[in-house]
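Chain residues, written in single-letter form:
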Amino acid sequence: MTEAAPINAVMRALADPTRRALFERVVGAQEITVAELTKGSGVTQGAISQHLKSLKQAGLVAERPEGRNVYYRAAPEGLAPLADWMSHYALFWHDRIANLRTLLKEIDP
Amino acid sequence: MNLAALKSDTQDIVVEANLPHAPEAIWRALTTGELIGRWLQMKPTGFEAVKGKHFTYQTTAAGAWDGVIHCQVLDVVPHQRLVYSWKGGHESITSGYGTLLDTVVTWTLQKIERGTRLHMVHSGFVLPRNEGAYKNMSGGWKKVVPRVGEIAGEQG
């Protein structure tokens with residue numbers, strides 16, 4: 001696990017209601033692109049990108065570039081400064097089971 | 001992820017997934033140190049899928065806690081069931097990450113038509129007993145995230 005961002009950075013990132021809603025959508029999805037997040041959000045793609053940048057700086061989301069797309073997912077360690085163990089591990093396992101799925105594709109194609 | 005489980009007052013985390021692989025392949029990923037290191041993103045020390053075996057994971061330290069998760073294999077049924085304890089934290093830490101943790105992780109594999117149904121339960125979470133800022137955060141991120149907005153005063 002990586003070092004958690006300071007609590008203030010996490011609080012600042014989540015204080016904005018639009019950004020918080022965006023983060024909840026990223027958490028709810030396994031992986032999601034900016035285009036998918038923009039659809040039906042009522043906010044421009046540029047604004048979504050800015051919000052994602054703030055969330056990333058706070059350690060709340062991680063990105064994975066693939067071809068022309070960048071996929072975003074929730075970073076389980078991000079909420080560690082705020083959350084109790086249960087919240088921490090809920091995100092942790094969500095993330096790790098996604099990894100397991102990817103690994104299985106590779107070792108058992 | 002089973003979000004319903006997080007919204008209720010349960011103290012277990014339940015994750016279920018249908019995977020297009022035979023139970024044998026998934027079992028290998030769950031019980032081979034090298035492979036565990038790749039999907040769990042931390043490599044176990046001393047792990048063997050043998051009942052009674054002790055092993056550890058090194059995670060991020062916090063305060064007086066060295067970040068070591070102490071585990072012991074509690075049950076093994078090859079290709080079907082793997083259970084281990086998951087303990088960590090330190091008594092001097094009273095809230096959030098690093099508090100005492102005494103939990104159990106249970107993996108169950110069930111063969112289905114096109115693969116395997118994987119069921120994971122991480123059980124035994126004790127919700128914070130101390131009053132204070134963390135009181136309202138015990139229900140998982142669904143509760144934590146809106147609460148942050150209140151604390152931060154919605155100033156954007």
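Residues numbered from 1 in each chain as written. Chains lettered and ligands numbered in written order. Predicted model: local features only at pLDDT ≥ 70, side-chain atom pairs only at ≥ 80, totals over all residues.

**Q** Quick question: what am I supposed to make of the sheet that holds strand β2 (residues 54-58) of chain B here?
**A** Strand pairing in a sheet relies on backbone hydrogen bonds, with the paired strands running either antiparallel or parallel. What the six strands build is an open sheet, ordered β1-β6-β5-β4-β3-β2 (chain B); its pairing is antiparallel. Edge strands, defined here as strands with exactly one partner in the open sheet, are β1 (13-19) and β2 of chain B. Averaged over all pairs of adjacent strands, the angle between their axes in this sheet comes to 20 degrees, without regard to strand direction. Direction of pairing for strand β4 (residues 81-88) of chain B relative to strand β5 (residues 101-112) of chain B: antiparallel, over a ladder of eight bridges. Of the residues in β5 of chain B, the one forming a bridge with R81 of chain B is T108 of chain B. Along the sheet, helix α5 (residues 85-107) of chain A makes contact with β1, β5 and β6 (115-123) of chain B, crossing β1 of chain B at roughly 15 degrees. (Pairing = 2+ DSSP bridges. Helix = DSSP H or I, 4+ residues; strand = E, 2+ residues; numbered from the N terminus. Axes fitted to C-alpha atoms, helices over the stretch in contact; angles between N-to-C directions. Contact = placed C-beta atoms within 7 Å.)

**Q** What's the story with the sheet that holds strand β1 (residues 32-33) of chain A in this structure? I'm lost.
**A** Residue and element names in this part refer to chain A. With antiparallel pairing, three strands are arranged side by side in an open sheet as β1-β3-β2. Lying at the two open borders of the sheet, with one neighbouring strand each, are β1 and β2 (61-66). Where β2 and strand β3 (residues 69-74) come together, six bridges link them in antiparallel fashion. Paired with P65 across the two strands is V70, which belongs to β3. Where helix α2 (residues 17-28) meets the sheet, its contacts fall on β1, β2 and β3, and the angle it forms with β3 comes to roughly 95 degrees.

**Q** What am I meant to see in the confidence of the model for chain A here?
**A** Atomic detail in the predicted coordinates should be set aside for any region of low pLDDT. All names here are of chain A. Across chain A, the average pLDDT comes to 82, with 86% of residues at 70 or higher. Taking the mean pLDDT of every element in chain A, the minimum, 71, falls on helix α1 (residues 7-15) and the maximum, 93, on β1. With pLDDT under 50 throughout, residues 1-5 is counted as low confidence; its partners more than four residues away or in other chains account for 13 contacts. (pLDDT = per-residue confidence, 0-100.)

**Q** What am I meant to see in unusual backbone geometry here?
**A** Negative phi is the rule for most residues except glycine; trans is the rule for most peptide bonds. Residues and elements named next belong to chain B. Unusually for a residue other than glycine, Q41 sits at a positive phi of about 65 degrees. Among the structural elements, Q41 can be located in the loop between α3 (33-40) and β2. The phi torsion at H79 lies on the positive side, around 70 degrees, for a residue other than glycine. With respect to the element layout, H79 can be found in the loop between β3 (68-77) and β4.

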